[in-house]
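Listed below are the residues making up each chain.
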Amino acid sequence: MPVGRPDPDWPGQRDFTGPIYHTGQWPHHEVDFTGQRVAVVGTGSSGIQVIPPIAEQAAHLTVFQRTANFSLPARNRPLLPGEQADVKARYPQIRAMMRENPRALHRRTGKGVLQVPEQVRRAELEQRWRDGEVSFLTAFTDVLTDADANRAVADFVREKIRATVTDPATAELLCPQGHPIGTKRICRDTGYFETFNRDDVDLVDVRSEPIVELTRGGVRTSRREYPVDAVVFATGYDAMTGALTRIDIRGRGGRSLRQVWADGPRSYLGLVVAGFPNMFTVTGPGSPSVLVNVIMAIEQHVEWLADLLGYLPARGVTRVEADPDHQDAWVAHVADLAAATLYPQADSWFIGANVPGKPRVFLPYVGGLDRYRRRCDEIAAAGYPGLRFDDPAPDPYPANDPVV
């Protein structure tokens, strides 16, 4: 399996006579499914995005689902001129608010789910559902730390799914039950649940009806064969680390990053790695990255790294890397914060669960971008403790270790 994507390699896959696509490596030309019988395997974020448009083209679509996921309506639409003008007039205030917000999103109540009356809670969730707000999960402060609060929000979304999908049995299959809402990436969709009301779309639960193999002309499960002309694998990505470990990055002593991270990624602040001088990982593992407004996270990382690079020449320094002890402490801190939340209750790509053989390590920093920003600023103001500058100390990865 290539490093960087959880590519399936099923029995019979090479015998299948039709085209096979993966959402992580989509062709650069237009793919036309008109008149075809199509199978989509996977109902994570990429599956939820491709299923509605494929259903519009295909003669018949069969969706193979292992795990139902929470998805919210995106409500994509052109903004009215007055809406654009209003937001642009408030840019400075919005940006300042986002810099001090844990998720870098600009609207939250500041209250816990169960701290407000049910009718107030429901009205808040209804408005965010109707408007397609990306801050749906951050409306309340405790959705990802309190199981009862989480259940109340999850039940609201499950109600919406049942109200949308006309067949009760299909609706129940599409209602997530095995993980708290938000502990897997919350998905955004345009007409996803409505797609299952079409007569030419079927849903197969592969937990009760496992896929056995691909045949020359279809997908065989434990119960029957589904004839299809094309297969789309929407099985996700090797998130946060795959894009780095698939490159042959080598540090001091010729040690590869792939081997150093074999038991899970280790970095300081998600930005610098011991033994790899002058290598910086913007929104890398151990940083807030995918749990926050990622544009704001990238901006903060680039600004901090630019200041660090400006700090070096004035002091005659040409190399910088993480101190191993500080790196170990940061990795432990990231793990401790995650353990205090509901995140570990889900087998998600946040912990690498979608990639066979990937170490189960919680990858992003859950403490919030505001808290992370303050810590980074404190480190810079103190002269960058935790970093080594042209340090002649021994290589943290001894040369007699195997090099791959």
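Relevant structure appears above.
Residues numbered from 1 in each chain as written. Predicted model: local features only at pLDDT ≥ 70, side-chain atom pairs only at ≥ 80, totals over all residues. Heavy atoms only, no water.

**Student:** I'd like to hear about the pattern of salt bridges, residue by residue, with values.
**Tutor:** For the structure shown, the criterion picks out 27 salt bridges. Linking aspartate 200 and arginine 198 is a salt bridge whose minimum nitrogen-to-oxygen distance equals 2.9 Å. Taking the relative accessible area as the measure of exposure, arginine 198 reaches 27% and is therefore partly exposed. One salt bridge connects aspartate 328 with arginine 266, and the closest N-O pair in it is separated by 2.8 Å. With a gap of 62 residues between them, aspartate 328 in helix α11 (residues 324-339) and arginine 266 in the loop between α9 (257-260) and α10 (294-311) connect regions that are remote in the sequence. Of the residues examined, aspartate 328 reaches a relative accessible area of 36% and is grouped as partly exposed. (Salt bridge = Lys/Arg side-chain N within 4 Å of Asp/Glu carboxyl O. Buried < 20%, exposed > 50% of the residue type's maximum accessible area, 1.4 Å probe, protein only. Helix = DSSP H or I, 4+ residues; strand = E, 2+ residues; numbered from the N terminus.)

**Student:** Let's hear about the packing of aromatic side chains: which residues, and what values?
**Tutor:** In this structure the tally under the stated criterion is 21 aromatic pairs. On the numbers, 5.5 Å between centres and 90° between planes, the contact of phenylalanine 64 with tyrosine 226 is edge-to-face. Here tyrosine 226 lies in strand β9 (residues 225-227) and phenylalanine 64 lies in strand β3 (residues 60-65), a separation of 162 residues in the sequence. Per residue, the accessibility class of phenylalanine 64 equals that of tyrosine 226, and both read buried. Here the aromatic rings of tyrosine 365 and tyrosine 372 are separated by 5.6 Å at their centres, their planes lie at 55°, and the arrangement is tilted. Exposure class is identical for tyrosine 365 and tyrosine 372. Each is buried. Clustering of aromatic rings is evident, with ring pairs tying together Trp304, Tyr311, Tyr384 and Phe389. The ring of tyrosine 311 has arginine 315 lying over it, and the distance from NZ or CZ to the ring centre is 3.8 Å. (Phe/Tyr/Trp six-rings, centres within 6.5 Å; stacked < 30°, edge-to-face > 60°. Lys NZ or Arg CZ within 6 Å of the ring centre and 35° of its normal.)

**Student:** Would you mind going over the sheet that holds strand β7 (residues 211-214) in detail, with residue names and values included?
**Tutor:** Taken together, three strands build an open sheet; the order of strands is β7-β8-β9 and the sheet is antiparallel. Strands with a single pairing partner mark the edges of an open sheet, and in this sheet they are β7 and β9. If you compare each strand with its neighbour and ignore which way they point, the axes differ by 20° on average. Here β7 runs beside strand β8 (residues 218-221); their pairing, made up of three bridges, is antiparallel. In the sheet register, leucine 214 faces β8, and the bridge partner there is valine 219. (Pairing = 2+ DSSP bridges. Axes fitted to C-alpha atoms, helices over the stretch in contact; angles between N-to-C directions.)

**Student:** So what's going on with the nonpolar core? Which residues, and what values?
**Tutor:** A general feature of soluble globular proteins is that nonpolar side chains tend to end up buried together. Counting 44 residues, the largest nonpolar core has Val40, Ile54, Leu61, Phe136 and Val157 as the members making the most contacts within it. The element contributing the most residues to this core is helix α5 (residues 147-164), with six residues. Ranked by size, the runner-up nonpolar core spans 28 residues in total, among them Ala104, Tyr268, Leu312 and Trp330. (Core = buried A, V, L, I, M, F, W, Y, C linked by side-chain atoms within 4.5 Å.)

**Student:** I'd like a description of unusual backbone geometry, backed by residues and values.
**Tutor:** Unlike most non-glycine residues, alanine 104 shows phi in positive territory, near 60°. You will see that methionine 240, though not glycine, has its phi angle at about 70°, which is positive. Position of methionine 240 relative to the elements: it lies in the loop between β10 (230-233) and α8 (242-245).

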